[in-house]
Amino acid sequence: MKIKGGLKTRLLIGIAIVAFAYLRKCSQQEVNPYTGKTQAVSLSPEQEIAIGLQQAPIMTQQHGGLYPNENAQVLVDKVGAKLVNNTVAKKSGYQFDFHLLRDEKTINAFALPGGQIFITHALFTQLKNEDQLAGVLGHEIGHVLGKHSNERITDANFWKLLTMGASVGADLGELANSIGQQTLLKNGRGDELESDELGVKLMIDAGYNPENLIGVMEILKAAAGPNRVPEFQSTHPDPENRIEKIKEAIRKYKK
């Protein structure tokens with residue numbers, strides 16, 4: 001059976017696009033010096049920093065601005081600086097800034113590429129001591145050192161190209177996109193566990209008690225309530241599973 005000229009051309013173009021996507025991703029592979037993991041990243045540290053600085057005001061605005069208490073922000077800055085200046089984060093080249101958000105409802109903390117780190121006042125008020133604050137900030141520093149946003153952006157661009165190739169070549173774009181989303185979801189859980197482990201190491205190196213990160217997990221578990229989304233449906237691992245991994249990391253790094 002002969003393939004019609006138009007379909008054959010589409011197939012060849014689709015195959016070329018898919019091949020280009022794979023070759024480009026292979027060329028972007030590098031070993032992360034902080035995790036030892038081989039990952040595909042397409043952004044330079046300078047580009048990561050620029051994206052973070054560009055997005056920081058937008059994220060701040062979305063959470064109601066900065067919390068209007070200088071003493072609270074000073075504490076966040078102090079703990080953040082201690083975590084950076086006494087660990088591998090200092091030599092990373094990233095520009096770490098710590099922001100206490102006004103948001104009183106959302107118990108959350110997050111990091112943008114390049115070192116912009118945020119914690120909501122809703123989470124800040126739940127923390128019992130400085131070591132728990134170090135656990136939260138250390139975890140977010142871990143996301144930056146793990147280049148997780150960079151990796152997600154690279155993966156997203158890869159799947160865009162792959163979807164384009166599948167759509168052009170065989171009308172399989174929807175299937176390719178579905179596989180891509182599943183992959184991103186799975187990697188998201190891995191990012192959280194990796195950041196927990198990095199957070200433990202950063203806490204120990206900076207002189208904080210890593211056991212307090214377990215307390216943070218208990219806070220997150222209580223905040224989620226009994227109706228929290230099952231782990232397989234969430235981008236974040238269940239707090240119970242995270243606690244076990246944190247205990248493993250403490251045994252690994254504590255001397």
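Keep in mind that this is a model prediction, so the values were computed, not measured.

**Student:** Can you walk me through the packing of aromatic side chains in this structure?
**Tutor:** Pairs of aromatic rings are described using the distance from one ring centre to the other and the angle between the two planes. According to the stated counting rule, one finds two aromatic pairs in the structure shown. With a centroid separation of 6.3 Å and an interplanar angle of 80 degrees, the aromatic rings of tyrosine 94 and phenylalanine 96 are classed as edge-to-face. On the basis of relative accessibility, which here comes to 9%, the residue tyrosine 94 falls in the buried class. You can call phenylalanine 96 buried: its relative accessible area is 13%. A centroid spacing of 4.9 Å and a plane angle of 15 degrees characterise the contact between phenylalanine 110 and phenylalanine 118, whose relative ring orientation is stacked. Just as phenylalanine 110 is buried, phenylalanine 118 falls in that class too. One Lys or Arg, lysine 82, reaches over the ring of tyrosine 208 and ends 4.5 Å from the middle of that ring.

**Student:** I keep staring at the sheet that holds strand β4 (residues 109-111) and nothing clicks. Help me out?
**Tutor:** One key point about sheets: their strands pair by backbone hydrogen bonds, in either a parallel or an antiparallel sense. Judged by pairing direction, the sheet is mixed, and its three strands sit side by side in the order β3-β5-β4 without closing on themselves. Strands at the two margins of the open sheet, each flanked by one partner only, are β3 (97-101) and β4. Taking the axes of each pair of neighbouring strands and ignoring which way they run, one obtains an average angle of 15 degrees across the sheet. Relative to strand β5 (residues 116-120), β4 runs antiparallel, the two sharing three bridges. Paired with phenylalanine 110 across the two strands is phenylalanine 118, which belongs to β5. The strands touched by helix α2 (residues 45-62) are β3, β4 and β5; relative to β5, the strand with the most contacts, the crossing angle is about 15 degrees. Strand contacts of helix α3 (residues 70-85): β3 and β5, with the helix running at about 150 degrees to β3, the strand carrying the most contacts.

**Student:** Explain the side chain of glutamine 116 to me, please; I cannot follow it from the model alone.
**Tutor:** With respect to the helices, strands and loops of the structure, glutamine 116 is situated in strand β5. What makes glutamine 116 buried here is its relative accessible area of 3%. A polar atom in the side chain of glutamine 116 sits 2.8 Å from the side chain of histidine 99.

**Student:** Whenever I open this one, the pattern of salt bridges confuses me. Can you help?
**Tutor:** Once their charged atoms are close, side chains differing in charge can pair, the charge on each being opposite to the other. In the structure shown here, the tally under the stated rule is ten salt bridges. The closest approach of N and O atoms between glutamate 151 and lysine 37, which form a salt bridge, is 3.3 Å. A residue pair is termed long-range when its members are at least 10 positions apart, and glutamate 151 in helix α6 (residues 148-170) and lysine 37 in the loop between β1 (29-31) and β2 (38-40) qualify at 114 residues. A salt bridge links glutamate 48 to lysine 147, with the shortest nitrogen-to-oxygen separation between them at 3.3 Å. Residue glutamate 48 is located in helix α2, and its partner lysine 147 is located in the loop between α5 (130-145) and α6; the two are separated by 99 residues in the primary sequence. With relative accessibility at 1%, the residue glutamate 48 sits in the buried group. Through salt bridges with shared partners, one network takes in Lys37, Glu151, Arg152, Asp191 and Glu194.

The rules behind each value
- Residues numbered from 1 in each chain as written.
- Predicted model: local features only at pLDDT ≥ 70, side-chain atom pairs only at ≥ 80, totals over all residues.
- Heavy atoms only, no water.
- Phe/Tyr/Trp six-rings, centres within 6.5 Å; stacked < 30°, edge-to-face > 60°.
- Buried < 20%, exposed > 50% of the residue type's maximum accessible area, 1.4 Å probe, protein only.
- Lys NZ or Arg CZ within 6 Å of the ring centre and 35° of its normal.
- Pairing = 2+ DSSP bridges.
- Helix = DSSP H or I, 4+ residues; strand = E, 2+ residues; numbered from the N terminus.
- Axes fitted to C-alpha atoms, helices over the stretch in contact; angles between N-to-C directions.
- Contact = heavy atoms within 4.5 Å.
- Polar contact = N/O pair within 3.5 Å; in protein donor to acceptor, adjacent residues only side chain to side chain.
- Salt bridge = Lys/Arg side-chain N within 4 Å of Asp/Glu carboxyl O.

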